[in-house]
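Chain and residue survey
What follows is the residue order along each chain.
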Protein chains: 2
Amino acid sequence: MTSHTFLPNVAKWGVQEIICPGKSDGNPFQDYEIRGIFTSPQEQKEVTGFYDGNGQYVVRFMPSFEGHYTYQISGSFSQETFAGGFDVPPAEPRVHGPVQVADTFHFAYADGTRYMPVGTTCYVWHLQTDAIFASTLHTLAASPFNKIRFCVFPKHYDYNHNEPAAYPFEPAAPGSEGRWDFSRYCPEYFRHLEKAVIRLGEIGIEADIIILHPYDRWGFSQMTREEDIRYFRYLACRLGAFRNVWWSLANEYDILAHKSAEDWEAYGLTLKAYDPYQHLISIHNCIPFYDHTRPWITHCCIQRQQLHLTTELTDTWRKQFGKPVIVDEMGYEGDIQHGWGNLTGEEITRRFWEATVRGGYGGHGETYLNEQKILWWSHGDVLHGHSPARLAFLRDFLESLPAPMMRLDGSWDEMVATQEGWQGDAAPFYLYYYSFMRPSFRDFQLPEGAAYRVTVLDTWNMTKEDRGIHTGQVRVVLPARCYMAVYLEKVDAHQQEE
Amino acid sequence: MTSHTFLPNVAKWGVQEIICPGKSDGNPFQDYEIRGIFTSPQEQKEVTGFYDGNGQYVVRFMPSFEGHYTYQISGSFSQETFAGGFDVPPAEPRVHGPVQVADTFHFAYADGTRYMPVGTTCYVWHLQTDAIFASTLHTLAASPFNKIRFCVFPKHYDYNHNEPAAYPFEPAAPGSEGRWDFSRYCPEYFRHLEKAVIRLGEIGIEADIIILHPYDRWGFSQMTREEDIRYFRYLACRLGAFRNVWWSLANEYDILAHKSAEDWEAYGLTLKAYDPYQHLISIHNCIPFYDHTRPWITHCCIQRQQLHLTTELTDTWRKQFGKPVIVDEMGYEGDIQHGWGNLTGEEITRRFWEATVRGGYGGHGETYLNEQKILWWSHGDVLHGHSPARLAFLRDFLESLPAPMMRLDGSWDEMVATQEGWQGDAAPFYLYYYSFMRPSFRDFQLPEGAAYRVTVLDTWNMTKEDRGIHTGQVRVVLPARCYMAVYLEKVDAHQQEE
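Since this is a predicted model, take the numbers as computed values, not measurements. (Residues numbered from 1 in each chain as written. Chains lettered and ligands numbered in written order. Predicted model: local features only at pLDDT ≥ 70, side-chain atom pairs only at ≥ 80, totals over all residues.)

1. Some remarks on the relation of the copies chain B and chain A
For the pair chain B and chain A, the relating rotation is 180°, the translation along its axis is 0.0 Å, and the fit reaches an RMSD of 0.0 Å. Such a turn and shift between the copies fits a two-fold axis. Here 100% of the contact residues of chain B are again contact residues in chain A; the copies associate through an equivalent surface. (Least-squares fit on C-alpha atoms with pLDDT ≥ 70 in both. Contact = placed C-beta atoms within 7 Å.)

Dropping the structure here:
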């Protein structure tokens, strides 16, 4: 048996990587295939591997259970079958497994820990210098963000006209048509992408990977359906075993004029077929939404469609699609010329809270001009804005809640949320958000027979003020500032006596 | 001939008041009538008068032309006919006549001077103390406002539970049903209302008179249709001759549960029949609009229907109704508990500019809590807010324009206005408004063959900055603040050379 390499120990939700030698004649990327079957007492999974250059074939596997696993690797890449076993100790600290949909409109890690996305966008941060790659990770580690949207391919757009250090495909053979050979990947390019995914995972950040996008001068957005499908499969096989991967079929799918609905359906099903872990899948719009009710779409990744109504429609979209709603593009904090990228920190923070009290989630981005022409939304590096600190306050608040939220009908001039799915009176909590309004006070009629602790939140100044435990009718005096919220939390009899 | 009184000289658009003695038996308010015919070389008008108590009948007339007028007064109030003549010298300084619709979507005084409404609301300012009556007029005289909405009847609502000093109707006769005799007006009450209208006229402010409203604990909102019609007629005959009168059938007509569409139609037609000057007529909504296409309605007096979209719909409403749009209730600057009354000065100013660039007009109100519990929106007195100074800046800018505005389609992230009705390239001016967005610059492609002077407006800090004359492509650097606008004014060849 020719030698192959594997890891003798892989923590639960870690990555087992098995590297096997194989054929290198012809075009190994498309002429040969490699598969592995992984077996433990609790699961058996068949996964497809990929060619990684230099005559090496790789199968990656993410164990979902502790204990002993065995594997068998075979395929046309080699006459041989490779087999062995490895141990899976408990998950590393702070590792909770891949994120999945929970409670219809929300998310949880595989171990049941709730996941409340507070995402950001840095489209091609991984294609900048090593220094920016490092500083972006450093910034993210100290930020409130637990998800980042970024592209596989390089990006051509305002403030981003530099050439990437490497390309995802080999140049076309001399004399053949086109610039690239879309059937031959550059393994190094994808290893770098993986490095980004892995580093993000280490700091607890989900990698929302944008597979296609229209901001392209190289032709990567204009492959044929066959080429695209091969590329989607390659990504699923290379990256699927990383627990923090999310799939985004495209950014602004509707701007990709060469793709049809049939194409997108085929790409979604390709991911479903080759991703053994069934990571989250979305598709992001410019103007018209894709039909988010399609079964392969797990959640709505939304760019707001109107200038004046953005996350205020979150609860409408929840009803329309019956899935979690993340308004990943609500506009960005910044000061560039474009209206989507010159919002105040106050407005971004307000839009996040509007999404939140309507039972959904927001997404951040930052586009401040600077002398270095390094804009977070495209390049990463460091944050300059005022919203991230407020999003940290929001995330802390969200994670302190006993359950995720849904919108309740309240008065016309307040947004009211309560525990997802709660029916009847005396919910465990109520959250009232006043957005751009500035009440000096509000009167509350608390549910009969229940006592509530009243907390006044200043979502901009990031303060929480305990106003004591109340029953019946209560007037809450407020500071007549924008962006205030009132949180009512039910307390039991014991707490009432305190 | 019994003596009657009249004025020997009445300036054009002033008020001739002819007082005649007549019968006082029975109920003169409804048993007798008085009419006058006024004749000059340019016009002849028949007007109905009213009973003013103490056996006196009054006919008022507003001459629309200079020169000599004759009159004949007759009716069932007296066996006699009263006749005479008077001279009409030119209008007093700053008097331009009544406001009428002009250019379909705008307004002009009778002498053709453009009128750009910048209105406010003080529902019952005239029913407060004499001191507040005086201070309100003093405040208005120094304010940007050239229109005020207020009610005929007293108001019962939050922050306004005091009893008025007088009532519009006589108490019911002992033993009869109800508290009031709706067939007998208190002339003093209406004389006080007239004093308010006259004082407003003296300082150049249009009196937008709200005839019915639902905030009522006295029963004035629940008269029968017959009683209402008599009351509308009485108002038309008493007040119609004042040039600065506008009729508002109701505030929040849809909350007046006792009135039907047939009632409102009858009231609108009553005003048309008894107001010889055909003053402007509107009807104001709480939620659903009245059908503003009705022929007796001259313009749309709108309360915004949604929390998040307000004056952003101005151009939509223009198209829908084909008439001038005044968003008289877009929400108020203040800090009371209600969402309609706790907006920032910034937001009110922004909503005014949104209305403006979409070819319509805004309306102001102010609801700041204070120890005296005197809120401008209800009582008048003094202004506390930050928007009035900005509305003065807006009004100055509007009055500097060569023509009123309509919206042009621009980029999705800017609101663009140009001269009303302009077709084709190279309009006399363009106004770009950036609202809550903060561009650091914007690029403009100026119409070919024309030069434009570029002015940068900071609508909040109230500055205008001349950026010179340009042709072709021009980049306008902006300060990356909210509420900026760019005004492009076409200049002729001579100016270009300067």
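2. As for the pairing of strand β28 (residues 463-470) of chain A
Residue and element names in this part refer to chain A. Little of β28 is tucked away, with 0 of its 8 residues classed as buried. Here strand β27 (residues 451-458) pairs with β28 via 6 bridges, running antiparallel. In the strand pairing of β28, Leu457 is matched with Lys464. In textbook terms, the turn of a hairpin is the stretch between consecutive antiparallel strands, and for β27 and β28 this stretch comprises 4 residues, one of which, Met462, has a positive phi near 60°. (Buried ≥ 20, exposed ≤ 12 C-beta atoms within 10 Å, placed from the backbone. Helix = DSSP H or I, 4+ residues; strand = E, 2+ residues; numbered from the N terminus. Pairing = 2+ DSSP bridges.)

3. Comments concerning the packing of helix α7 (residues 345-357) of chain A against helix α9 (residues 387-400) of chain A
All names here are of chain A. With their axes 9 Å apart at the nearest point, α7 and α9 run at an angle of 20° to one another. Judged by the angle between their axes, α7 and α9 are roughly parallel. Crossing of α7 over α9 shows right-handed handedness. The residues of α9 that touch α7, namely those facing Gly345, Ile348, Thr349, Phe352, Trp353 and Thr356, are Ser387, Arg390, Leu391, Leu394 and Leu398. (Axes fitted to C-alpha atoms, helices over the stretch in contact; angles between N-to-C directions. Parallel < 35°, antiparallel > 145°, perpendicular 65-115°, else oblique. Left-handed = near helix turned anticlockwise from the far one by under 90°.)

4. Digging into the domain arrangement of chain A
Here the domain parsing of chain A yields domain 1 (16-88), domain 2 (99-400) and domain 3 (405-497). The straight-line distance from the C-alpha centre of domain 1 of chain A to that of domain 3 of chain A is 54 Å. (Domains from an automatic or database assignment.)

5. Some details on the packing of helix α4 (residues 225-239) of chain A against helix α5 (residues 261-274) of chain A
Residues and elements named next belong to chain A. Packing of α4 against α5 brings their axes to within 9 Å, and their N-to-C directions diverge by 30°. Considered as vectors, α4 and α5 are oriented roughly parallel to each other. When the axes of α4 and α5 are compared, the crossing they make is right-handed. Contacts between α4 and α5 involve Arg225, Asp228, Ile229, Phe232, Arg233, Ala236 and Cys237 from the former and Asp263, Ala266, Tyr267, Thr270, Leu271 and Tyr274 from the latter. The class makeup of the residues in the contact of α4 with α5 is 8 nonpolar, 1 polar and 4 charged. (Nonpolar A, V, L, I, M, F, W, Y, C, P; charged D, E, K, R; others polar.)

6. Some thoughts on unusual backbone geometry
Residues and elements named next belong to chain B. In the Ramachandran plot, Asp103 falls in the positive-phi region, its phi being about 55° despite a non-glycine side chain. Tracing the sequence through the fold places Asp103 in the loop between β8 (99-102) and β9 (106-109). Positive phi values are uncommon outside glycine, yet Asp381 reaches one of about 90°. Positionally, Asp381 belongs in the loop between α8 (376-379) and α9 (387-400).

7. Quick notes on the environment of B:Pro402
All names here are of chain B. Mapped onto the secondary structure, Pro402 falls in the loop between α9 and β22 (405-408). For the pair formed by Pro402 and Gln419, sequence separation is 17 residues and the distance between their alpha carbons is 8.1 Å. Setting aside chain neighbours within four positions, we find Pro402 in contact with Pro428 and Phe429.

8. Some thoughts on the interface of chain B and chain A
Listed per partner, the contact involves 26 residues of chain B and 26 residues of chain A. Of the residues assigned to the side of chain B that touches chain A, the class counts are 13 nonpolar, 7 polar and 6 charged.

9. Re the sheet that holds strand β14 (residues 206-212) of chain B
Residue and element names in this part refer to chain B. Pairing within the open sheet is parallel, and its 5 strands lie in the order β10-β11-β14-β15-β16. Of all strands in the sheet, those with a lone pairing partner are β10 (119-121) and β16 (281-282), marking the two edges. In the sheet, β14 pairs with strand β15 (residues 245-250) via 5 bridges, with the strands oriented parallel. Opposite Ala207, over in β15, you have Val245 as the bridge partner.

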